[in-house]
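Chain by chain, the residues run as shown.
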Amino acid sequence: MSVAAIDIGTNSVLLLVAERRGGELVALVDRATITRLGQGVDAARALAPEAVERTLACLARYGEELRALGVERVDAVGTSAMRDAAGGEAFIARARELIGVAPRVISGPEEAELTFAGALTGLDLPTGAPRIVFDVGGGSTEIIVGTAAGAVEHAVSLDVGAVRLTERHVRADPPAEADLEAVRAASRAALAAVRAEPLRAAPPLVGVAGTVTTLAALARDVVPYDGARVHGARLSGAEIAALTSRLASLPLAARRQLPALDPARADVIVAGSALVEEILAWAAKLAGAPVDLLVSDRGVRWGLAERLCPS
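Residues numbered from 1 in each chain as written. Predicted model: local features only at pLDDT ≥ 70, side-chain atom pairs only at ≥ 80, totals over all residues. Heavy atoms only, no water.

Caption draft 1: Looking closely at the overall build of the protein chain. Along the backbone of the protein chain there are 13 helices and 11 strands. Computed over its C-alpha atoms, the radius of gyration of the protein chain comes to 18 Å, within 12% of the 19 Å expected for a compact globule of 311 residues. Expressed along its principal axes, the backbone C-alpha trace of the protein chain runs to roughly 50 × 45 × 35 Å. Counting every position in the protein chain, which comprises 311 residues, the buried fraction comes to 53%. Taking the intrachain contacts of the protein chain between residues at least 6 apart in sequence as the baseline, contacts between residues at least 24 apart amount to 68%. As displayed, the protein chain offers around 12,600 Å² of accessible surface, 53% of which is attributable to carbon and sulfur atoms. Distance from the positive charge centre (32 side chains) to the negative charge centre (38 side chains) of the protein chain: 0 Å. (Helix = DSSP H or I, 4+ residues; strand = E, 2+ residues; numbered from the N terminus. Rg over C-alpha atoms; globule rule 2.2 N^0.38 Å. Buried < 20%, exposed > 50% of the residue type's maximum accessible area, 1.4 Å probe, protein only. Contact = heavy atoms within 4.5 Å. Areas by Shrake-Rupley, 256 points an atom, 1.4 Å probe, with all protein chains shown as cover. Lys, Arg positive; Asp, Glu negative; His and termini not counted. Charge placed at Lys NZ, Arg CZ, Asp CG, Glu CD.)

Here it is in structure tokens:
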């Protein structure tokens, strides 16, 4: 049985079509399209018409592919932008016509469960050790602590993400030092509110979503993008700091020319990288030692597909 999971995020729309083979979920189609549904949501608390049209155009293409493949079960979820924006009913109704199901706006706790379950698949992690997963999205960042058996013990959703931080704080091109410091300060303030005790004994951190996978692709020169090469890559805090510095030194036009960077992500990658850098610094301070980033190319869509196609 083939299943499809669609994750409608603040910055991108992800599609996974998968089937179970020998107990393992195997991807048949795995796509990401940047549509920036969350454009202006932070300020307006409403979906921008042009962002809605971009996202619906993407869903129309996905829907055509699902019908051509004869996918048997489909589920679609919306995260931060759809939680924060008013007036999403018309968008959901039109999306249902295109993909055959109405996207569900999931809560922060459900997003955390799906992210945690999906992110850890296919990674080589220490037996019995706790798991920490963080998901840098466009509008929010989730930090999830769980057991090796897959049970979520603690999760928090922070009101910072690559798009939101860019819209709030980045004014110059390339970003001025004051812009970067404002991004860092906002990130540190959000992280300071996290209940820190469960994190002390559980590095490395597993990072998911487009900001993290893009940083891995840049660091390892993965061109064209290949999820199999990115999944399981390990980056140090020093490597992330060097990437942030490099990206921040380039104007937007130059960032768009980087082979390992999707041009549609070029405007928000600096703030996203600075946020990831702050997350690793925060974790290192808690652990009393440097903490590495273990990159996962999987997340909500994989957790959702696991639900749709149980073993």
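Caption draft 2: Expanded view of the packing of aromatic side chains. This model, assessed by the stated rule, comprises zero aromatic pairs. Here Arg298 stacks its cationic end above the ring of Trp302, 4.0 Å away from the centre of that ring. (Phe/Tyr/Trp six-rings, centres within 6.5 Å; stacked < 30°, edge-to-face > 60°. Lys NZ or Arg CZ within 6 Å of the ring centre and 35° of its normal.)

Caption draft 3: Representation of the environment of Tyr225. By the element assignment, Tyr225 lies in the loop between α8 (210–220) and α9 (227–230). Residue classification places Tyr225 among the partly exposed positions, given a relative accessible area of 41%. Spatially, the C-alpha atoms of Tyr225 and Thr213 are 9.3 Å apart, while their sequence positions differ by 12 residues. Those residues in contact with Tyr225 that lie beyond four places of it in its chain are Thr213, Ala217, Val230 and Asp297.

Caption draft 4: Broad picture of the packing of α8 against helix α10 (residues 237–248). Remark: α8 packs on α10, axes separated minimally by 11 Å, with the N-to-C direction vectors making an angle of 90 degrees. Comparing their axes, α10 and α8 come out roughly perpendicular. The residues of α10 that touch α8, namely those facing Leu215, Leu218, Ala219 and Arg220, are Glu239, Ile240, Leu243, Arg246 and Leu247. (Axes fitted to C-alpha atoms, helices over the stretch in contact; angles between N-to-C directions. Parallel < 35°, antiparallel > 145°, perpendicular 65-115°, else oblique.)

Caption draft 5: Quick look at α8. By the criterion of burial, α8 is predominantly enclosed, with nine of the 11 residues buried. When α8 is considered as a whole, its buried residues turn out to be Gly210, Thr211, Val212, Thr213, Thr214, Leu215, Ala216, Ala217 and Leu218.

Caption draft 6: Representation of the environment of Val268. Relative to the elements of secondary structure, Val268 occurs in the loop between α11 (252–255) and α12 (269–287). Its relative accessible area of 2% is what places Val268 among the buried residues. Apart from the residues within four sequence positions on either side, Val268 is in contact with Asn11, Arg36, Ala162, Val163 and Thr166.

Caption draft 7: View of the sheet that holds strand β5 (residues 104–105). Taken together, five strands build an open sheet; the order of strands is β3-β2-β1-β4-β5 and the sheet is mixed. In this open sheet, the two edge strands, each paired with only one partner strand, are β3 (24–34) and β5. Sheet topology places strand β4 (residues 73–78) next to β5; two bridges connect them, and they run parallel. Looking at the pairing, Gly78 lines up with Val105 of β5. Taken strand by strand, helix α2 (residues 49–69) contacts β1 (2–8), β2 (12–21), β3 and β4, and its axis lies near 15 degrees from that of β2. (Pairing = 2+ DSSP bridges.)

Caption draft 8: A look at the pattern of salt bridges. This model, assessed by the stated rule, comprises 18 salt bridges. As a salt-bridge pair, Asp75 and Arg104 come within 3.0 Å of each other at their nearest N and O atoms. Taken together, the residues Asp75 in strand β4 and Arg104 in strand β5 connect sequence positions 29 residues apart. Classification of Asp75 as buried rests on a relative accessible area of 14%. Of the charged contacts, one joins Arg188 and Glu181 as a salt bridge, the two residues approaching to 2.5 Å between their closest N and O atoms. When salt bridges with common partners are traced through the structure, they connect Asp75, Arg104, Glu110, Glu113 and Arg307 into a single cluster. (Salt bridge = Lys/Arg side-chain N within 4 Å of Asp/Glu carboxyl O.)

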